[in-house]
Amino acid sequence: MAVPNVLNPHPPEFDRFLYASVGEDRNDNAVTVLSTLARLGLDPWKETAELVTLGRDAARARLGALLARFQDVPALASDHGRVARDLSQLLPEGRTSGSLKRAASTVADGHPGKSGAIWAVLAIIFLLFQMFMVGGSGSGE
């Protein structure tokens, strides 16, 4: 079983897709898929996880619809279909890996792994312990 990366809990298989360029905005800045999805008010990792589970053709159609709504990159107005086709090729195959499916479903569901819950419980216990120790020492004066 692979150990989850605590500092970057997102599936690394999504990086190639999320950091791909969709074009340049009006200020000549490169805009990535991650930035595009975020500017549309979507969670980039959840949306990517959903695209992976849809399959290549349905993902291309959904991505095309999202890119058509995105107004910050002028070139997408007429070319969003080609860009969606090219970007959909960068999505990891959902059927190739059981771990990818688990990662995508975890991201899509928004449920952190068990280790996240353990760390949260330990943090609460530590906080309560600190409050008990500090609160008890100053009450006698």
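Residues numbered from 1 in each chain as written. Predicted model: local features only at pLDDT ≥ 70, side-chain atom pairs only at ≥ 80, totals over all residues. Heavy atoms only, no water.

Here the structure, examined in full by the defined rule, presents seven salt bridges. In this structure, Asp86 engages Arg82 in a salt bridge whose closest nitrogen and oxygen atoms are separated by 2.7 Å. Here Asp86 and its partner Arg82 are both found in helix α5 (residues 76–88), four residues apart, which amounts to about one turn of the helix. One continuous salt-bridge network, built from bridges that share partners, spans Asp79, Arg82, Arg85 and Asp86. (Salt bridge = Lys/Arg side-chain N within 4 Å of Asp/Glu carboxyl O. Helix = DSSP H or I, 4+ residues; strand = E, 2+ residues; numbered from the N terminus.)

Here helix α4 (residues 56–69) crosses α5 at 150°, and the two axes come no closer than 8 Å. As far as their axial angle goes, α5 and α4 are roughly antiparallel. Every pair of crossing elements has a handedness; the one defined by α4 and α5 is right-handed. Contact residues: Arg56, Arg60, Leu63, Gly64, Leu67 and Ala68 in α4; Leu76, His80, Val83, Ala84, Arg85, Leu87 and Ser88 in α5. (Axes fitted to C-alpha atoms, helices over the stretch in contact; angles between N-to-C directions. Parallel < 35°, antiparallel > 145°, perpendicular 65-115°, else oblique. Left-handed = near helix turned anticlockwise from the far one by under 90°. Contact = heavy atoms within 4.5 Å.)

This part covers empty space enclosed by the protein. Under the criterion given, the structure shown has one cavity of 30 Å³ or more. Here the largest cavity defines a volume of roughly 30 Å³. Forming the walls of the largest cavity are Val22, Val33, Thr36, Leu37, Leu63, Leu66, Leu67 and Leu87. Those elements giving two or more residues to the lining of the largest cavity turn out to be α2 (33–39) and α4. (1 Å grid on protein atoms, 1.4 Å probe; cavity = no way out; pocket = protein on both sides within 12 Å on 5 of 7 lines; lining within 4 Å. Points joined across faces, edges and corners; volume = space filled by probe spheres on them.)

Each turn of an α-helix holds 3.6 residues, which means side chains three or four residues apart point in the same direction. Looking at helix α3 (residues 44–54), one finds that the buried residues are Pro44, Trp45, Glu47, Thr48, Ala49, Leu51 and Val52. Backbone nitrogen of Trp45 and a side-chain oxygen of the N-cap are separated by 2.9 Å at the start of α3; the cap is Asp43. In the stretch just after α3, Gly55 is the one whose phi turns positive, near 100°. (Buried < 20%, exposed > 50% of the residue type's maximum accessible area, 1.4 Å probe, protein only. Polar contact = N/O pair within 3.5 Å; in protein donor to acceptor, adjacent residues only side chain to side chain.)

Let us now look at the environment of Arg62. By the element assignment, Arg62 lies in helix α4. Residue class for Arg62 comes out partly exposed when judged on its relative accessible area of 33%. The contact partners of Arg62, leaving out residues within four places of it in the chain, are Glu47, Glu50, Leu51 and Leu54. Separated by 3.2 Å, the side chains of Arg62 and Glu50 make a polar contact.

On their own, these measurements won't tell you what the molecule is for.
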